[in-house]
Each structure stands twice: as C-alpha cells, then as structure tokens.
Amino acid sequence: MAVYRKRNIPWRIIDGEALVVDPEKSLIYPFNAVAARVWQLIDGAKDTDEIAEMIFREFEAEKALIHADITDFIAQLKESELIEAR
Amino acid sequence: MLKYEERFSIAKLNFCVNADKDPPIRWLRELKGRFPRYSSGRKPDIRISLYYNIKKRRGFKQKKLFDTPYDVYGRIDNGLHVTAYAKRNYIPFGDILRILACNFLIKRNGFFLHSCGVKIDGGAYLFAGPSGAGKTTIAKLNLKRNKILSDETVAVVKNQKDYNAYATPFFGDLAKVTSDDNAPVKAVFFLKQSNRFGHKRLDTLRAAQALLQNIFLIGNECKDNLGRVFDIALDLVKRVPAYELGFLPKEQIWRYIEKEISPGG
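Let me begin by describing the structure that accompanies this report. (Residues numbered from 1 in each chain as written. Chains lettered and ligands numbered in written order. Predicted model: local features only at pLDDT ≥ 70, side-chain atom pairs only at ≥ 80, totals over all residues. Heavy atoms only, no water.)

What follows deals with the overall build of chain A. Along the backbone of chain A there are three helices and six strands. Along chain A, from the amino end to the carboxyl end, the secondary structure elements read β-β-β-β-α-β-α-α-β. Here chain A holds 86 residues, and the buried ones make up 38% of them. In chain A, 51% of the contacts between residues at least 6 apart in sequence involve partners at least 24 apart. For chain A, the accessible area works out to roughly 4,800 Å², and carbon and sulfur atoms hold 48% of it. (Helix = DSSP H or I, 4+ residues; strand = E, 2+ residues; numbered from the N terminus. Buried < 20%, exposed > 50% of the residue type's maximum accessible area, 1.4 Å probe, protein only. Contact = heavy atoms within 4.5 Å. Areas by Shrake-Rupley, 256 points an atom, 1.4 Å probe, with all protein chains shown as cover.)

Structure follows, in structure tokens:
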C-alpha cells in the first residue's frame with residue numbers, strides 16, 4: 001500500500017534535515033537527513049518497500065538494516081498520524 | 001450601536017474596540033494613560049465588537065472562537081471585523097485581545113513570542129521560554145541598565161530589511177517597568193535553567209524548532225496559517241543568531257552575555 005503525508009501537516013527541509021509540525025497535537029518533529037529523505041519520498045505513489053529500496057540506493061548501509069529501519073520509521077509516522085496508507 | 005469605543009495600536013496594528021460594557025475600555029484607557037505609544041488616531045485595521053453576558057443572540061451563528069477557558073463566541077468577517085459574545089459579565093480583555101491580535105499579526109508577517117524583550121544599544125534581545133523558564137528573572141536582573149519591552153510577550157514583525165520587536169501590553173510581573181518601545185531584533189536566546197552559565201549557538205533547524213515552540217498560536221485561524229508562521233520563523237533564524245542559554249538567576253548573567261556572546265554575532 002502506498003503511503004502519503006497528511007495534507008494539513010506543514011513541513012520544511014532545512015539544510016538537508018526536516019522540521020514537521022503537527023498542528024492538532026502542537027508537536028514539532030525534527031528529522032535527520034535520512035528521515036527527511038524518507039519524509040520527502042512519502043508522496044502517495046510509493047509503498048514502504050519502494051521507499052526503503054530508494055534509501056538503500058542513496059545512503060550507504062546494509063540493505064536488511066535499512067529495510068528494517070525504514071519499516072519501523074514509517075510505522076511510527078502512521079502511529080503518530082502524520083501519514084496514512086491507501 | 002455599542003455604547004463604548006476606544007482606539008489603540010499594538011505593533012503597528014490599529015484596533016478599534018466597541019463594547020456594551022466598560023471593563024475593556026477602562027483597561028485600554030489605563031494602558032494608554034501609562035503608555036501613550038499604544039494610542040492611535042489612525043483608521044483601524046481591525047474592529048472588535050464585544051458584547052458581554054449574552055446567552056443567545058438570534059439570527060447569529062455562534063461559534064466558539066478559541067479554545068480557552070472563557071466562553072467567547074462570535075465570528076471574524078473578512079479577517080478584519082471580529083464580533084465576539086462573552087457568556088459572562090466579565091472576561092479578561094487582555095487575554096481576548098492577545099488571542100485576536102496573534103491571528104492578525106500573522107497576516108502582517110509577524111507573531112507573538114513568549115519571551116522577555118530587552119532593548120540594548122538600539123537593538124532588541126529576546127529571551128524566550130515557557131512559563132517558569134526565567135523570563136521575568138532575566139528582565140529583573142537588567143532593570144537598572146536597559147529598557148524592558150516585555151517580560152512575557154513580545155511582538156516580532158518583519159520589516160523591509162529586518163525584524164522588529166515591539167513591546168506589548170501583555171505583561172508578566174513587570175507591568176510597571178516595561179516600556180512601549182521597539183527595536184530591530186539582534187539575537188534570540190532560548191532559556192534553559194542550569195547550575196552554571198553556558199550558551200550554544202543553534203543551527204537553523206534547531207533554532208526554528210525552538211522558535212516555533214515559543215510562538216503563540218491560538219485559535220483556528222492560527223492553525224490554518226501555520227505554514228506562513230513556519231516561513232516567518234525560518235526567515236528570522238536565518239537572519240538573526242539564536243542561542244540556547246543556560247543560566248543561574250544571578251546578576252552576572254548579563255556580564256556573561258556581554259563578555260562571552262558578542263552582540264548580534
């Protein structure tokens with residue numbers, strides 16, 4: 001299932017990292033470079049595996065580790081209600 | 001037709017308040033008596049019509065204006081005219097005004113920062129933090145030497161070249177000694193209580209995060225304009241240095257700031 005960012009969540013990329021604001025919960029999330037790239041790739045067209053594959057190609061790390069980390073991170077984003085799956 | 005009317009200005013926003021009871025008018029007249037710079041004879045940008053102790057007004061679609069303990073209902077027409085109905089005989093007008101003004105300030109590329117503002121050598125230094133962080137303390141420790149814009153809420157507005165900090169009538173404990181002045185923002189400090197003096201310059205992301213955490217965003221209009229607030233905050237921290245400041249409540253904090261942190265840099 002493709003994942004997409006909720007429309008009412010403002011975010012900005014700042015020097016390769018990201019700041020994401022949840023206005024409903026009044027929470028601000030700082031994302032490091034990898035998390036920021038994942039956030040950008042959550043565009044409603046790709047699923048978790050495709051995003052993990054793209055991150056693997058862009059960042060140097062073990063493939064299995066990247067897939068596990070990205071899956072975890074995307075699950076956390078869903079739990080935080082910042083993104084949804086369709 | 002409402003019986004009472006008063007005009008005033010905060011951070012170059014011109015208001016006209018009409019009310020059917022006089023508590024807000026008395027509040028405003030006392031404020032203007034003490035701080036003449038809040039007076040304004042200009043055409044109002046924002047009109048506030050305030051009705052007290054109204055249970056139900058026929059033909060008026062009531063909607064709670066803010067998530068506050070006060071029952072204030074009403075509507076904002078074209079972003080310029082607020083009609084508010086309070087279900088009680090008395091509600092603190094300053095609190096309502098701060099909420100309304102913070103919505104309008106965003107439209108003028110500004111915001112209210114939960115901070116103490118100090119004017120030093122023509123520049124404004126802002127010390128931001130939540131309640132209890134030390135805003136009033138840091139202001140008190142500098143009373144003899146510099147002007148205090150506010151020990152609680154400073155309005156920050158983008159000008160053509162830079163950002164200006166304005167005093168506001170939203171005080172903490174130091175209402176009697178604050179000054180209705182303004183100055184260009186030279187630095188922003190985020191207060192952190194510590195057992196020793198120390199500071200750390202924040203990168204853009206961390207500075208924007210800390211700034212957003214201290215900006216007043218109350219009411220649905222603010223939430224709708226969050227993207228705009230985000231851009232203003234980001235622009236400010238790209239132009240002005242931001243620091244995390246660990247401090248003890250001692251007078252030496254000002255010597256530390258002057259010696260260890262070069263002004264504006």
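So, next bit.
A few words on the environment of glycine 172 of chain B. All names here are of chain B. Structurally, glycine 172 is set in the loop between strand 10 (163–166) and strand 11 (182–193). The class for glycine 172 is partly exposed, based on a relative accessible area of 31%. In this structure the C-alpha to C-alpha distance between glycine 172 and glutamate 152, which are 20 residues apart in sequence, comes to 5.0 Å. Those residues within four positions of glycine 172 in sequence are excluded, and the remaining contacts are Asp151 and Glu152.

This paragraph deals with the sheet that holds strand 2 (residues 11–14) of chain A. Strand-to-strand pairing in sheets goes through backbone hydrogen bonds, with the strands running parallel or antiparallel. Residues and elements named next belong to chain A. Reading across from one edge, 2-3-4 is the order of the three strands in this open sheet, with antiparallel pairing throughout. Each edge of the open sheet is held by one strand with a lone partner, namely strand 2 and strand 4 (27–31). On average, each strand axis in the sheet is tilted by 15 degrees relative to the strand beside it, whichever way the strands run. Here strand 3 (residues 17–22) runs beside strand 4; their pairing, made up of five bridges, is antiparallel. Within the sheet, the bridge partner assigned to alanine 18 lies in strand 4 and is phenylalanine 31. (Pairing = 2+ DSSP bridges. Axes fitted to C-alpha atoms, helices over the stretch in contact; angles between N-to-C directions.)

Turning next to the packing of aromatic side chains. Scanning the model with the defined rule gives twelve aromatic pairs over all chains in all. Judged by centre distance (5.4 Å) and plane angle (80 degrees), the ring pair of phenylalanine 31 of chain A and phenylalanine 73 of chain A falls under edge-to-face. Separated by 42 residues along the polypeptide, phenylalanine 31 of chain A in strand 4 and phenylalanine 73 of chain A in helix 3 (residues 63–79) bring together distant segments of the chain. As far as burial versus exposure is concerned, phenylalanine 31 of chain A and phenylalanine 73 of chain A are alike and both buried. These aromatic residues form a ring-pair network of at least three members: Trp11, Tyr29, Phe31, Trp39 and Phe73 of chain A. Between the NZ or CZ atom of arginine 12 of chain A and the centre of the ring of phenylalanine 230 of chain B, over which it lies, the distance is 5.1 Å. (Phe/Tyr/Trp six-rings, centres within 6.5 Å; stacked < 30°, edge-to-face > 60°. Lys NZ or Arg CZ within 6 Å of the ring centre and 35° of its normal.)

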